[in-house]
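Letter by letter, the chains look like this.
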Amino acid sequence: MTAEPAIENVFGRIGFGDWSGSWPHADPADLFAAFINAIEKFVASRAVSGNLGWNATLIEGDIEPFLTELKNTPSGEISLFAGISLVRQLFFSGVLDELTLMVHPVVAGTGRHLFEHGDPTTRLELVKSTITSAGNALLTYSLRAA
């Protein structure tokens, strides 16, 4: 039996900081902790430098060419744990093929928006949906230019 190709894991700076501050200290019996602590991670940031620890490598230079090259690996799949700024950059540059949104059933009323007035028209085709035990909706869209 052959192993499945690994999904490449890319973090934004803030998400990486939040996760690396807690998950390495989680109970090793926690299955997600065991998974997330063991995987290789790439971090997109212009504000950090040096050794990041936690199996992480800083992405040197522009992220778009780096991710395009990463998409050409055997799995071709990238998991992106990032904030709105990085997701918007990659979405509108055409690097993303799919977008999975987790909708948490809380109305905040304020904050940043993933899509803003004046953004280019982009058609999203729902290809998968799941409701978690916590009531979150996981919605995966295929991206198509309008």
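Details of the structure are given in the entry above.
Now for a quick tour of the structure. Keep in mind that what you see is a predicted model, and the values were worked out from it rather than measured.

So, how was this worked out
Residues numbered from 1 in each chain as written. Predicted model: local features only at pLDDT ≥ 70, side-chain atom pairs only at ≥ 80, totals over all residues. Heavy atoms only, no water. Helix = DSSP H or I, 4+ residues; strand = E, 2+ residues; numbered from the N terminus. Buried < 20%, exposed > 50% of the residue type's maximum accessible area, 1.4 Å probe, protein only. Contact = heavy atoms within 4.5 Å. Areas by Shrake-Rupley, 256 points an atom, 1.4 Å probe, with all protein chains shown as cover. Core = buried A, V, L, I, M, F, W, Y, C linked by side-chain atoms within 4.5 Å. Salt bridge = Lys/Arg side-chain N within 4 Å of Asp/Glu carboxyl O.

**Regarding the overall build of the chain**
- Of regular secondary structure, the chain possesses four helices and seven strands.
- The order of α-helices and β-strands along the chain, N terminus first, is β-α-α-β-β-α-β-α-β-β-β.
- In terms of overall dimensions, the chain has C-alpha extents of about 40 × 40 × 35 Å along its principal axes.
- Classification of the 146 residues of the chain by burial places 26% in the buried group.
- Sequence-distant contacts, at least 24 apart, represent 58% of the contacts inside the chain between residues at least 6 apart.
- A total accessible area of about 9,800 Å² is found for the chain, and carbon and sulfur atoms account for 54% of it.

**A few points about the nonpolar core**
- Core analysis: the largest hydrophobic core is formed by 16 residues, its most contacted members being V10, I59, I63, L67, L90, L96 and L99.
- Looking at this core, the elements with two or more residues in it are β2 (41-44), α3 (63-71) and α4 (84-93).
- Examining the composition of this core, we find that four residues originate from one element, α4, more than from any other.
- Each residue touching V10, except ones within four places of it in the same chain, is listed here: F42, I59, I63, L67, L70, I78, S79, L80 and F81.

**With respect to the pattern of salt bridges**
- According to the stated counting rule, one finds four salt bridges in the structure shown.
- With its nearest N and O atoms 3.4 Å apart, the salt bridge here joins D97 to K71. Of the two residues, D97 is situated in the loop between α4 and β5 (98-103) and K71 in helix α3; the sequence distance between them amounts to 26 residues.
- What makes K71 partly exposed here is its relative accessible area of 25%.
- Among the ionic pairs, R88 bridges to E116, the shortest N-O distance being 3.9 Å. You can see R88 sitting in helix α4 and its partner E116 sitting in the loop between β5 and β6 (122-131), a full 28 residues away along the chain.
- Among the charged side chains, a salt-bridge network with shared partners connects R88, E116 and D119.

Everything listed is a geometric property; what it means functionally is a separate question.
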